[in-house]
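Structural overview
Chain residues, written in single-letter form:
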Amino acid sequence: MQISRRNLLKAVGAIGAVTITATAGAKLLTHKAVVQINRAKAAIPKALKPLAPPPPDPALKTPGLSPFFTSNKDFFRIDTAFTIPQISLDNWKLEIVGLVSNPISLTYDQLIARPTFELDDTISCVSNEVGGTLIGNARWQGIRLDDLIKEAQPHADADQIMGYSVDGFSAGFPLAALDGRDAMIVIGMNGEVLPDRNGWPARIIVPGLYGYVSATKWLMRIELTRFDQKHGYWIDQGWSERGPIKTQSRIDTPSNNGELSVGPIAIAGVAWAALTGISKIEIKIDNQPWRTATLGPEIAKTSWRQWWIDWNATKGNHRITVRATDGDGKLQSQANVPILPNGAEGWHTINVKAI
Ligand SMILES: Nc1nc2c(c(=O)[nH]1)N[C@H]1C(S)=C(S)[C@@H](COP(=O)(O)O)O[C@H]1N2
Ligand SMILES: [Mo]
């Protein structure tokens, strides 16, 4: 068979196109592979004073109860990135700039050579609905943010710390939030090098603040600035400039609108109050009086706390509500408040049917 010139060109053109695509794909793959090797090779040093391992996890005895630590695999992911940024350490630096007298620039090796500490901290998305799952608890490892900021010598007029990601995201919080709390530049999560999806090679965590105003992943720059000059990514889209995490409690088990067997069953869940910890959990079933639940061990005031209570379920439909009191004795808000502009409020209530 004879191939006409036109068809030959078509064939070559097509092959050409395929080749180009394959090369681009290969380049992408190579870059990703290099980054993965980078990350696999990154060995973060031990924390100066590693935290003690947690006590036996009550979740092991109560099916459905959230464990102390949310595994990296199960950790919620919230960000604006279509694909996870692949950062090569060869050209990554962390810079601290803006209204400072002593700008700082650190390579990854310089960053992780600094003393690190560990923190058990629950992070929450402002978009977490009452009873929602956009929340997780982890043992984070990192470098103290207040030390670094102090070293950069902020000017007197600076009142905001803005983190910038390589993908254009930004999040700002008050300089005054560095009031001694354990804010950090995170390099490790639950004993692993910080995973890609949670911000490799570095992110910020500020205990007590929602992620959208603080927890910049794929961090590359920290700028000392002013609230009246710069807004983080979400602020001009209607979200509040300040985002302290609100006290919440959640029923993990039994599940909402589920069926269960008549007889003894555990009602269990988690509760969190950003910096004070939880002092009390109460449960109301139908029209019975509030009952106080058992609290699990407090591993840190910044960490969520497990709770549980026994219940003898009788045949029929039931309504179960939980409410928390924080470490200062303040009862969680009952008001039915939506997530926009600064986080949901309300008592988590579920309906179940015992058969
Ligand atoms: N670069 C970048 N960092 C980000 C975001 C983002 O969109 N881009 N989202 C923030 C928000 S809104 C939340 S709730 C947390 C979620 O952190 P996680 O994905 O590790 O759970 O990341 C924060 N950091
Ligand atoms: Mo979020």
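Residues numbered from 1 in each chain as written. Chains lettered and ligands numbered in written order. Predicted model: local features only at pLDDT ≥ 70, side-chain atom pairs only at ≥ 80, totals over all residues. Heavy atoms only, no water.

**Topic: the overall build of the protein**
Helix and strand content of the protein: three helices and 19 strands. With the C-alpha coordinates aligned to their principal axes, the bounding extent of the protein is approximately 85 × 70 × 40 Å. Taken across its 355 residues, the protein has 49% of its residues classed as buried. Expressed as a percentage of contacts within the protein between residues at least 6 apart in sequence, the contacts between residues at least 24 apart total 73%. (Helix = DSSP H or I, 4+ residues; strand = E, 2+ residues; numbered from the N terminus. Buried < 20%, exposed > 50% of the residue type's maximum accessible area, 1.4 Å probe, protein only. Contact = heavy atoms within 4.5 Å.)

**Considerations on the site of ligand 1**
Taken together, the neighbourhood of ligand 1 is formed by 19 residues, with Phe76, Thr80, Arg203, Ala215 and Lys217 sitting nearest. Take lysine 217: an N or O atom from its side chain is 2.5 Å from an oxygen atom of ligand 1. Relative to its unbound accessible area of 540 Å², ligand 1 is 98% covered by the protein chains. Split into classes, the residues belonging to the shell around ligand 1 amount to nine nonpolar, five polar and five charged. (Near = heavy atom within 4 Å. Polar contact = N/O pair within 3.5 Å; in protein donor to acceptor, adjacent residues only side chain to side chain. Areas by Shrake-Rupley, 256 points an atom, 1.4 Å probe, with all protein chains shown as cover. Nonpolar A, V, L, I, M, F, W, Y, C, P; charged D, E, K, R; others polar.)

**A short note on the UniProt feature "domain: Oxidoreductase molybdopterin-binding" (unreviewed entry) in the protein**
UniProt records the feature "domain: Oxidoreductase molybdopterin-binding" (unreviewed entry) at residues 83-234, using the numbering of this structure. A helix fraction of 9% and a strand fraction of 36% characterise residues 83-234, whose end C-alpha atoms lie 19 Å from each other. (UniProt positions renumbered as here; feature names shortened; annotations may be inferred.)

**As for the domain arrangement of the protein**
For the protein, the assigned domains are domain 1 (58-237) and domain 2 (248-354). Each of domain 1 and domain 2 has a C-alpha centre, and these two points are 29 Å apart. At the interface, 31 residues of domain 1 touch 29 residues of domain 2. A buried area of about 2,300 Å², summed over both sides, lies between domain 1 and domain 2, and 63% of it is on carbon and sulfur atoms. Sorting the residues of domain 1 by area buried against domain 2 places Leu65, Phe68 and Val130 first, and these three jointly supply 24% of that buried surface. Inspection of the region where domain 1 meets domain 2 yields zero salt bridges. On inspection of domain 1 and its partner domain 2, the count reaches 10 residue pairs in polar contact (both at pLDDT 80 or more). When contributions to the side of domain 1 that touches domain 2 are tallied by element, the ones reaching two or more residues are strand E3 (117-124) and strand E4 (135-144). Sort the elements by how many residues they give to the side of domain 1 that touches domain 2 and E3 lands first, with four residues. Tallied by class, the residues present in the side of domain 1 that touches domain 2 amount to 14 nonpolar, 13 polar and four charged. (Domains from an automatic or database assignment. Buried area = accessible area lost by both parts, 1.4 Å probe. Salt bridge = Lys/Arg side-chain N within 4 Å of Asp/Glu carboxyl O.)

**Considerations on the sheet that holds strand E1 (residues 94-98)**
With mixed pairing, the five strands of this open sheet are ordered in space as E2-E1-E10-E5-E6. Taken across any chain shown, the strands that pair with only one partner, and hence form the sheet edges, are strand E2 (104-106) and strand E6 (170-174). With direction set aside, neighbouring strand axes in the sheet form an average angle of 15 degrees. Bridge count for E1 against strand E10 (residues 219-225) is four bridges, and the pairing is parallel. Opposite glutamate 95, over in E10, you have arginine 221 as the bridge partner. Contacts from helix H3 (residues 145-152) reach E1, E2, strand E5 (160-165), E6 and E10 within the one sheet, and its direction differs from that of E2 by about 130 degrees. (Pairing = 2+ DSSP bridges. Axes fitted to C-alpha atoms, helices over the stretch in contact; angles between N-to-C directions.)

**Digging into the nonpolar core**
In terms of nonpolar packing, the biggest core is built from 54 residues, with Leu111, Leu145, Phe173, Ile185 and Ile222 touching the most fellow members. At the level of elements, E1, E2, helix H2 (108-112), E4, H3, strand E7 (184-189), E10 and strand E13 (263-272) are the ones that each hand at least two residues to this core. Ranked by residue count, the leading element in this core is H3, at four residues. The residues that make up this core include at least three from each of domain 1 (58-237) and domain 2 (248-354). Aside from chain neighbours lying at most four places away, what touches isoleucine 185 is Leu94, Leu111, Gln141, Gly142, Ile143, Leu145, Leu148, Ala202, Arg203, Leu219 and Ile222. In terms of nonpolar packing, the next biggest core, distinct from the first, is built from 20 residues, Ala293, Trp307, Ile309 and Val322 among them. (Core = buried A, V, L, I, M, F, W, Y, C linked by side-chain atoms within 4.5 Å.)

**Details of the side chain of glutamate 345**
When you line up the elements, glutamate 345 lands in the loop between strand E18 (316-326) and strand E19 (349-354). If we ignore the near neighbours within four places in the chain, the residues touching glutamate 345 are Val130, Lys246, Gln248, Ser333, Ala335, Asn336 and Val337.

**Observations regarding H3**
Among all positions in H3, only Leu145, Asp146, Leu148, Ile149 and Ala152 are buried. Buried positions in H3, seen along its axis, are confined to an arc of 160 degrees and lie on one side of it. Downstream of H3 by a residue or two, glutamine 153 has a phi angle that is positive, lying close to 55 degrees. (Arc of directions from axis to C-beta.)

**Things to note about the packing of aromatic side chains**
A complete count under the given rule lists nine aromatic pairs for this structure. Geometrically, the ring pair formed by phenylalanine 75 and tryptophan 140 is edge-to-face, given 5.8 Å between the ring centres and 80 degrees between the ring planes. Here tryptophan 140 lies in strand E4 and phenylalanine 75 lies in the loop between helix H1 (5-41) and E1, a separation of 65 residues in the sequence. By the burial criterion, phenylalanine 75 is buried, and tryptophan 140 matches it. Over the ring of phenylalanine 227 we find arginine 242; its NZ or CZ atom is 3.8 Å from the centre of that ring. Just above the ring of tryptophan 290 sits the side chain of arginine 323; from NZ or CZ to the centre is 3.9 Å. (Phe/Tyr/Trp six-rings, centres within 6.5 Å; stacked < 30°, edge-to-face > 60°. Lys NZ or Arg CZ within 6 Å of the ring centre and 35° of its normal.)

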